[in-house]
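These are the residues of each chain, in order.
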Amino acid sequence: QVQLVESGGGLVQYGGSLRLSCAASGPTYSSNARGWFRQAPGRERELVATIGWDGNTYYTNSVKGRFTISRDNAKNTVYLQMNSLKPEDTAVYFCAASTLGKATLRYHYEYWGRGTQVTVSP
């Protein structure tokens, strides 16, 4: 069973930065896509960024140029570097893993972490 544990969330001021980490244990492979999603109160969970087996990345429009997803296959860890944070980035951020090599839709992801809270103050 794959287990994902997020860390790195917290409270930051407008324009600040945070780096989220997602450590995986269990049968995960470098050939699998990994992703970050977020969910704000009263809203649906939305895709933030994904990284495929080949290192190709995908970002939702609202974070392009500010967020960077990366992976360290040796450590089985995925990162989300978030810069120029805005109050509208406030949400619980979830890490996810897919059995597919590329995955850009929520239903492509079978495994989920419990989430880490990110709060951006004005």
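Anything mentioned here points back to the structure above.
Calculation notes
- Residues numbered from 1 in each chain as written.
- Predicted model: local features only at pLDDT ≥ 70, side-chain atom pairs only at ≥ 80, totals over all residues.
- Heavy atoms only, no water.
- Helix = DSSP H or I, 4+ residues; strand = E, 2+ residues; numbered from the N terminus.
- Rg over C-alpha atoms; globule rule 2.2 N^0.38 Å.
- Buried < 20%, exposed > 50% of the residue type's maximum accessible area, 1.4 Å probe, protein only.
- Contact = heavy atoms within 4.5 Å.
- Areas by Shrake-Rupley, 256 points an atom, 1.4 Å probe, with all protein chains shown as cover.
- Lys, Arg positive; Asp, Glu negative; His and termini not counted.
- Charge placed at Lys NZ, Arg CZ, Asp CG, Glu CD.
- Phe/Tyr/Trp six-rings, centres within 6.5 Å; stacked < 30°, edge-to-face > 60°.
- Lys NZ or Arg CZ within 6 Å of the ring centre and 35° of its normal.
- Core = buried A, V, L, I, M, F, W, Y, C linked by side-chain atoms within 4.5 Å.
- Polar contact = N/O pair within 3.5 Å; in protein donor to acceptor, adjacent residues only side chain to side chain.
- Disulfide = S-S within 2.5 Å.

S.K.: Please set out the overall build of the chain residue by residue, giving values where relevant.
M.R.: Looking only at helices and strands, the chain features zero helices and eleven strands. Element order for the chain, N to C, with α for helix and β for strand: β-β-β-β-β-β-β-β-β-β-β. The C-alpha atoms of the chain give a radius of gyration of 13 Å, which matches the 14 Å a tight globule of 122 residues would have. For the chain, the C-alpha atoms occupy an extent of roughly 40 × 25 × 25 Å along the three principal directions. The 122 residues of the chain split such that 43% are buried. Contacts spanning at least 24 positions in sequence make up 58% of the contacts within the chain whose residues lie at least 6 apart. Split by element, the accessible area of the chain, about 6400 Å² in all, is 48% carbon and sulfur. Treating the 13 positive side-chain charges of the chain as one cloud and the 8 negative ones as another, the clouds have centres 2 Å apart.

S.K.: Help me get a handle on the packing of aromatic side chains, residues and values and all.
M.R.: Counting across every chain of the model gives three aromatic pairs. The interplanar angle of 75 degrees and the centroid separation of 5.3 Å between the aromatic rings of Phe37 and Tyr109 together place this pair among those described as edge-to-face. Of this pair, Phe37 sits in strand 4 (residues 34–39) while Tyr109 sits in strand 10 (residues 109–112); the two residues are 72 residues apart in sequence, bridging distant segments of the chain. Grouping aromatic residues by their ring pairs yields a cluster made of Phe37, Tyr109 and Trp112. Directly above the aromatic system of Phe94 lies the positively charged group of Arg45, at a separation of 3.6 Å from the ring centroid. The residue whose ring lies beneath Arg45 is Trp112, and the NZ or CZ to ring-centre distance is 5.0 Å.

S.K.: Give me the nonpolar core: which residues, what numbers.
M.R.: In this structure, Trp36, Val48, Phe67, Ile69, Leu80, Met82 and Tyr93 are the most contacted members of the largest nonpolar core, which totals 26 residues. Sorting the residues of this core by element identifies strand 3 (18–25), strand 5 (46–51), strand 7 (67–72), strand 8 (77–82), strand 9 (91–98) and strand 11 (116–121) as the ones contributing at least two each. Not counting chain neighbours up to four residues away, the residues in contact with Tyr93 comprise Glu6, Leu20, Trp36, Phe37, Arg38, Val48, Phe67, Leu80, Met82, Gly115, Thr116 and Val118. If you look at the next biggest cluster of nonpolar residues, it comprises six residues, including Ala33, Ala96, Ala103 and Tyr109.

S.K.: Which residues make up the side chain of Arg38, and what are the values?
M.R.: As for its position among the elements, Arg38 is in strand 4. The class of Arg38 is buried, set by a relative accessible area of 6%. A polar atom in the side chain of Arg38 sits 3.0 Å from the side chain of Asp89. Polar side-chain contacts of Arg38 include one of 2.9 Å to the side chain of Tyr93. Once you skip the residues sitting within four places of it in the chain, Arg38 turns out to touch Glu44, Arg45, Glu46, Val48, Ser62, Val63, Phe67, Asp89, Ala91, Val92 and Tyr93.

S.K.: I'd like a rundown of the state of the cysteines, residues and numbers included.
M.R.: Evaluated as defined, the whole model comprises one disulfide. Each sulfur in the disulfide pair Cys22 and Cys95 lies 1.9 Å from the other. The disulfide joining Cys22 to Cys95 has a torsion of about -80 degrees about its S-S bond and is therefore left-handed. Of this pair, Cys22 sits in strand 3 while Cys95 is found in strand 9, placing the two residues 73 residues apart along the sequence. The buried category is assigned to Cys22, whose relative accessible area is 0%. The class for Cys95 is buried, based on a relative accessible area of 0%.

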